[in-house]
Amino acid sequence: MEEKGTTPGGNELFSLPPGPATLCFDKNEFMKKTFSVDEFLHENRNAGSLEIIRDDLGLYLKVLRSAMIELINQDYADFVDLSANLIGLDEQIDGIQGPLEKLRAEIALVKAALEGSMHEIANCLEQKKALRGHKKSLQSLARCQASLEKLETMLRRDQQQQQDASAAAAINATLLERAALESIQLQFNIKFCKDFLDPAKQQLAQELWNELLSRLQEYFLRALDDPEPKELERCLRIYCTLDECRTAESVFRREIVAPFMNRVISESSLQNSPQGLTGIYNQILDFVSMRMKHLCQLTKRNGKVKGYSFVVNGFWAEVERRMETNMSSIFAPGNPDAFYQKYKCTLEFLERIELILDDADDVAQFKAHAQYRSFQVRWNLPVYFQIRFQEIGSTFEASCSSGPVIDRQQITSSTISASQFNVAQFSGALTAISRCWQDGIFLSQLFHRFLKLTLQILARLSVWCDGAIVAKIDDPSITGEQAQSLRIRFLVALYSDLGNIVLKIPSIVNLAADKSSSSSSLAVSRSELEAVLGECGTLFRTKQTHVQRSIVQELIASSLVPLKQASDIPRLYRKTNRELPSRCCPYVEQVLTPTDTFKRSYASMIVADAMREFLCGVYSHVTVQYYQVIDEVITSVQKTEESLRRLKNLRDRNTGGATGGQLPVAGSTAPTDDDKIRLQLQVDVMHFARYIKEEAQIPWQQVDKLPELIQLAEEAIKGRPGLGASQTSA
């Protein structure tokens, strides 16, 4: 059954016969190439028990056998004919086997004959090819011999004395042109006959080549002194014909540039130059205008002669080598101011060389030159930056390393102002940042390093602010209110400076953006600078919020101390026969004094909206505490009043009459001590609330628990028979 199901190609040859509809499995599963008995049983485990599956498989097996018998019966004649047609097939095969083997032997003989012929033909072709090569080599050898004789005649014959010097020069130039063409042909032919050319001829060819270059060098040096560029152009073309452009550049560097630069570039010349390094560079550039004018005109990108770069390979290579060996002191970064001046002067010198090149491709080739990169590396910019880092950072770090203490002398010696920095660390930070971008210090090649230093200064200032927020007075003899006043003064100065440093961020961005535009290779967009420095501004705003919270905490601490006196109000009125209260108790003024003093002292330092935010934070916390105190006092008064009432009722029952005491007699409107206490609390609360609304200009709804406090005080006197409306309007 498994073999039927896995018959390859069964679906293409025939289809399974249909089985009973009650089968518990799908018959098409037997035709799958991946049919597996285990998978079949696993998939049909829920169709029925193993006995049911066995019975259904047996039933379907009978269907398959019946279908197989029917298939054989349908093609029975073909089965019988197949067996009959196979009779005698072996004799027929044996009959044709002999002729076929004979034919194969004949074909093998023909193939062997053809292969032999092809091998002979290939050998003949190889011999013919070798003969052609030898013929070509002999022809090249003959041409080499003729060229050698011709070159030797042209280069080694005695020069005839002529009176006309210009005619002699013209003859020499013509002779060199002919010799150059003949030499090119000689070098070309030598490549094809080198194996046949004897060493003596090869040595002669090399000597003639050297002789030609020597004559050409003389002509080149003479043409350089010619005021007209015609001869120089002719000489350069000869060098280009010989593919010896680099040789011409080397000759110019060795014979013309090197002697001049050896005199100009030296430590003694640097010391004796009135203009210092600038004077040396001016002399070097004057050499270009004096000795290289025609060369630059002829060999520039759109000039008459192509393939040369005398400025880079002849002039600059020698200048750079001489500066590294004869004037290495200019690279020393020990004196940063002198180093800066020398480096800036050098950058201007390189820019002037780029102007001489006057082509983007030539400038790119100049900057890619190995000696240009070596020259840039010699200027030890990282060491220069480290020196500047120590200069700028050490002073600022010294001011931030004093520890978390408040300098009393600094805070009290000068008047704090909102328009300038009041804390030395902030003015020091801004000075340090300004120095980072100052002319005489900043180098465009170090843009990222100075930007990083700027961010480090701002970050260090932020860290210092964290310690300054919790700093103490540096004089241990100052304590109490004076210490608290000095601390608030310092925190206000810190708050103002944090706001000012945030306002300085855009100017720092502008400063960095201006410098970034001058350093094209290291340029940073303004949006990137605004994003980076904007994070510092956000950080300082967060610090400003922390300082504000600290100021609020200091004011809260000062305001909560007198608030405890509210609990003593019942003692002031019980059995003291005092008049009805008409003004607030002194503690209310004492509670409001810290914020009132703060508002009057620092109104010019803190804008009105921020001041209201300060006071709102203080009053919200104080009001919550005030509410708890008033609620406790009123609750205590109510309990005391209730106790006295119960005591009076008890006495009345025992004595049968009324006693004098503090409880009101029926129909009496005289205020009791408890009424006076309630009224005093209400007067105090209303004075507190009116000050917040009128003096601080803060709506009651913005102060936590203030409406509830007013309602609590009003309800405490509501319905009291001894208190009239006119008495409660204090």
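This is a predicted model, so every value here is computed, not measured.

(A) Geometry of a nonpolar patch on the surface. A contiguous nonpolar patch, built from Met-68, Ile-72, Tyr-76, Phe-79 and Val-80 and spanning about 510 Å² of accessible area, is present on the exposed surface. Those elements giving two or more residues to the nonpolar patch turn out to be α4 (50-74) and α5 (76-85). For the nonpolar patch, the leading source of residues is α5, giving 3 residues. Mapped onto the elements, Tyr-76 comes out in helix α5.

(B) Fine view of the pattern of salt bridges. Tallied over the entire structure, the rule returns 23 salt bridges. Put simply, Glu-177 and Arg-234 hold a salt bridge, and the shortest N to O gap is 2.7 Å. One end of the pair, Glu-177, is in helix α7 (residues 165-193); the other, Arg-234, is in helix α9 (residues 230-241), with 57 residues separating them in the sequence. With relative accessibility at 28%, the residue Glu-177 sits in the partly exposed group. Judged by its relative accessible area of 24%, Arg-234 is partly exposed. The closest approach of N and O atoms between Arg-237 and Glu-233, which form a salt bridge, is 2.9 Å. Here Arg-237 and its partner Glu-233 are both found in helix α9, 4 residues apart, which amounts to about one turn of the helix. What makes Arg-237 partly exposed here is its relative accessible area of 39%. Through salt bridges with shared partners, one network takes in Arg-253, Glu-318, Arg-321 and Arg-322.

(C) View of helix α25 (residues 586-602). In a regular helix each residue adds 1.5 Å, so 17 residues correspond to 24 Å; α25 covers 24 Å between its end C-alpha atoms and thus fits that length. Its maximal kink placed at Thr-593, α25 deviates by approximately 40 degrees, while the proline Pro-594 follows within four residues. Tyr-587, Val-588, Val-591, Leu-592, Pro-594, Thr-595, Phe-598 and Tyr-602 are the residues of α25 that are buried.

(D) Examining the packing of helix α15 (residues 336-357) against helix α18 (residues 381-400) more closely. Relative to each other, α15 and α18 sit at 135 degrees, their axes nearing to 10 Å. Judged on the interaxial angle alone, α18 and α15 are oblique. In this structure, α15 meets α18 at a crossing whose hand is left-handed. Along its contact with α15, which presents Pro-336, Asp-337, Phe-339, Tyr-340 and Tyr-343, the element α18 presents Leu-381, Tyr-384, Ile-387, Arg-388 and Glu-391. When the residues that make up the contact of α15 with α18 are grouped by side-chain class, the tally is 7 nonpolar, no polar and 3 charged.

Cut-offs used in this document
Residues numbered from 1 in each chain as written. Predicted model: local features only at pLDDT ≥ 70, side-chain atom pairs only at ≥ 80, totals over all residues. Heavy atoms only, no water. Patch = residues over 30% accessible without salt bridge, like charges linked within 9 Å, V, L, I, M, F, W, Y side chains within 5 Å. Areas by Shrake-Rupley, 256 points an atom, 1.4 Å probe, with all protein chains shown as cover. Salt bridge = Lys/Arg side-chain N within 4 Å of Asp/Glu carboxyl O. Helix = DSSP H or I, 4+ residues; strand = E, 2+ residues; numbered from the N terminus. Buried < 20%, exposed > 50% of the residue type's maximum accessible area, 1.4 Å probe, protein only. Expected span 1.5 Å × (residues − 1). Bend = angle between axes of the 7 residues up to and from the residue. Axes fitted to C-alpha atoms, helices over the stretch in contact; angles between N-to-C directions. Parallel < 35°, antiparallel > 145°, perpendicular 65-115°, else oblique. Left-handed = near helix turned anticlockwise from the far one by under 90°. Contact = heavy atoms within 4.5 Å. Nonpolar A, V, L, I, M, F, W, Y, C, P; charged D, E, K, R; others polar.

Coordinates in, geometry out; function isn't part of it.
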